[in-house]
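# Commentary on secondary and tertiary structure
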Amino acid sequence: MTDSLVKVENLKKYFPVKLGVFEGWHFENGKLKRKRLYVKAIDGVSFEIEKGDTFALVGESGCGKTTTGRTIVGLYKQTDGKIYFRNKPIDEVLKKSPKDFKKNVQMIFQDPYSSLNPRMKVYNLISEPLRVHKLVSSRAEEREKVEEIMVNVGLEPEYKSRYPHQFSGGQRQRIAIARALATEPEFIVADEPISALDVSIRAQILNLMEDLQEKYGLTYLFIAHDLSVVRHISNKTAVMYLGRIVEMGNTDEIFTHPLHPYTKTLFDSIPSVEKVKQPLKVTIEGEVPSPINPPPGCPFHPRCPHAMERCKKERPEPKEVSPGHFVSCFLY
Ligand code: SF4
């Protein structure tokens, strides 16, 4: 067993589909039976995150990246597969010491406005986790700690009596980060933490997350739909498509030698300075197929410009094409 902080093995998360009263019935061997349908949000995902790493999970909306993050932090129970935290299965950790797990594993959500209780003042939003986890022993220590965290995330302590709606979007995300940091976690899942923010302040939040990583020794799972966002913040990147990882490796390697046809199309859709004045080019043909009924073989074959007969029948398994660089495609 390696000494990774988080390890995910063949993780699957299927959500049952609610059918109408008359839907899904059929005869089987003369008996009336009802078909069960599932949304296969994650369909066999494996990766490891070393302590101090920023592991980026990238893909179009609906590819399963958010479900992966939520399953790892215990918000969803996995359908199959294993998740390890400090080499222990999280099912076991959650059963034996749920409070310890919740202290050490935190999540930052995409929309800071809906993730913060609008009726709570900033002071209470940050001090609540301190009290729940008994991390302070007096009111004075609590006040000192709240003010210290506010300063560390770039907020003026004098604003501690304000409510979330009295702040800008970027400041609200700083409050959400402060709340996540209060328990001094080891691992944070950041689910698209900048995509709801104004473009002008996205870089500030990314820089803040990098500074805090160094200061607190954090490990991140950074979820994004845009590859360009993860270039500077992550050292490992995995590209997801329809519930599976199609390419994974060191971020520099993925950016300099992308191999999977889907990863390449994601790069083509990143706007560059030269492309800004041109109309946006749609580079991936077709829609993402339904995760209720994913295509057989390679899930990308209906949209892949290189699809072969084999791709329609066989599922490509991850292949290590260079040290640490994995790709699931029959071209390699
Ligand atoms: Fe395209 Fe086939 Fe590779 Fe899938 S396995 S990405 S369909 S070439």
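Conventions used here
Residues numbered from 1 in each chain as written. Predicted model: local features only at pLDDT ≥ 70, side-chain atom pairs only at ≥ 80, totals over all residues. Heavy atoms only, no water. Buried < 20%, exposed > 50% of the residue type's maximum accessible area, 1.4 Å probe, protein only. Helix = DSSP H or I, 4+ residues; strand = E, 2+ residues; numbered from the N terminus. Pairing = 2+ DSSP bridges. 1 Å grid on protein atoms, 1.4 Å probe; cavity = no way out; pocket = protein on both sides within 12 Å on 5 of 7 lines; lining within 4 Å. Points joined across faces, edges and corners; volume = space filled by probe spheres on them. Nonpolar A, V, L, I, M, F, W, Y, C, P; charged D, E, K, R; others polar. Contact = heavy atoms within 4.5 Å. Axes fitted to C-alpha atoms, helices over the stretch in contact; angles between N-to-C directions. Left-handed = near helix turned anticlockwise from the far one by under 90°. Patch = residues over 30% accessible without salt bridge, like charges linked within 9 Å, V, L, I, M, F, W, Y side chains within 5 Å. Areas by Shrake-Rupley, 256 points an atom, 1.4 Å probe, with all protein chains shown as cover. Salt bridge = Lys/Arg side-chain N within 4 Å of Asp/Glu carboxyl O. Phe/Tyr/Trp six-rings, centres within 6.5 Å; stacked < 30°, edge-to-face > 60°. Near = heavy atom within 4 Å. Core = buried A, V, L, I, M, F, W, Y, C linked by side-chain atoms within 4.5 Å.

Walk down a regular strand and you will see the side chains alternate between the two sheet faces. With 5 of 5 residues buried, strand β5 (residues 54–58) is to be regarded as a mostly interior element. The alternating pattern of β5 places T54, A56 and V58 on one face and F55 and L57 on the opposite face, and all of these are buried. As paired strands, β5 and strand β10 (residues 219–224) are joined by 5 bridges and run parallel to one another. Following the sheet pairing, V58 is matched in β10 by A224. Looking at chain direction, β5 and strand β11 (residues 236–241) are connected through 4 bridges and run parallel. Within β11, the position partnered with F55 by the bridge is K236.

A word on the layout of surface pockets. A volume near 530 Å³ is recorded for the largest pocket. Lining the largest pocket are 19 residues; nearest its centre among them are V105, Q106, M107, F109 and R179. Take the lining of the largest pocket: its biggest share by element is 4 residues, from strand β8 (residues 105–108). Split into classes, the residues belonging to the lining of the largest pocket amount to 12 nonpolar, 4 polar and 3 charged.

This brings us to empty space enclosed by the protein. A full pass over the atoms with the stated rule returns 2 cavities of 30 Å³ or more. What lines the largest cavity is a set of 13 residues, among which P261, C298, C304, C311 and C329 lie closest to the centre. In the lining of the largest cavity, the residues fall into 10 nonpolar, 3 polar and no charged. Put simply, the second largest cavity is a space of about 40 Å³. Counted by class, the lining of the second largest cavity contains 4 nonpolar, no polar and 3 charged residues.

The next thing to look at is the environment of A56. By the element assignment, A56 lies in strand β5. Residues in contact with A56, not counting those within four places in the same chain, are F222, V230, S234, K236, T237 and A238.

Take the packing of helix α5 (residues 122–132) against helix α6 (residues 139–152) next. It is at 10 Å that the axes of α5 and α6 come closest, and there the two elements cross at 115°. Crossing of α5 over α6 shows right-handed handedness. Of the residues in α6, those touching α5 at V122, Y123, I126, S127, L130 and R131 are R139, E142, R143, K145, V146, I149 and M150. Within the contact of α5 with α6, the residues separate by chemical class into 7 nonpolar, 1 polar and 5 charged.

Let's shift gears to a nonpolar patch on the surface. The grouping of W25, F27 and L32 at the surface amounts to a nonpolar patch, some 380 Å² of accessible area in total. Residue classification places F27 among the exposed residues on the basis of a relative accessible area of 64%.

Right, let's talk about the packing of aromatic side chains for a bit. All chains considered together, the criterion is met by 9 aromatic pairs. Between Y159 and F167 the ring centres are 6.2 Å apart and the planes differ by 70°, which places this aromatic pair in the edge-to-face class. The buried category is assigned to F167, whose relative accessible area is 6%. Note on F255 and F267: the rings are 5.0 Å apart at their centroids and 80° apart in plane angle, and the pair reads as edge-to-face.

The subject of this paragraph is the sheet that holds strand β14 (residues 325–327). Taken in spatial order, the 8 strands line up as β8-β9-β10-β5-β11-β12-β14-β13 in an open sheet, and their pairing is mixed. In this open sheet, the two strands that pair with only one neighbour each are β8 and β13 (319–322). Across the sheet, the mean angle from the axis of one strand to that of its neighbour is 20°, orientation sign disregarded. Running over the sheet, helix α8 (residues 199–216) touches β5, β9 (187–191) and β10 and is turned about 160° from β10.

Surveying the vicinity of the ligand reveals 13 residues, the closest of which are C298, C304, C311, C329 and F330. Each residue belonging to the shell around the ligand can be placed in one class, and the counts come to 10 nonpolar, 3 polar and no charged.

I126, V153, I177, L181, L212, F222 and V230 are the most contacted members of the largest nonpolar core, which has 55 residues in total. Counting residues per element, this core draws most heavily on helix α7 (residues 169–181), which supplies 6 residues.

Going through the model one piece at a time under the given rule, you end up with 18 salt bridges. It is possible to trace a salt-bridge network through shared partners that takes in K51, R86 and E186.

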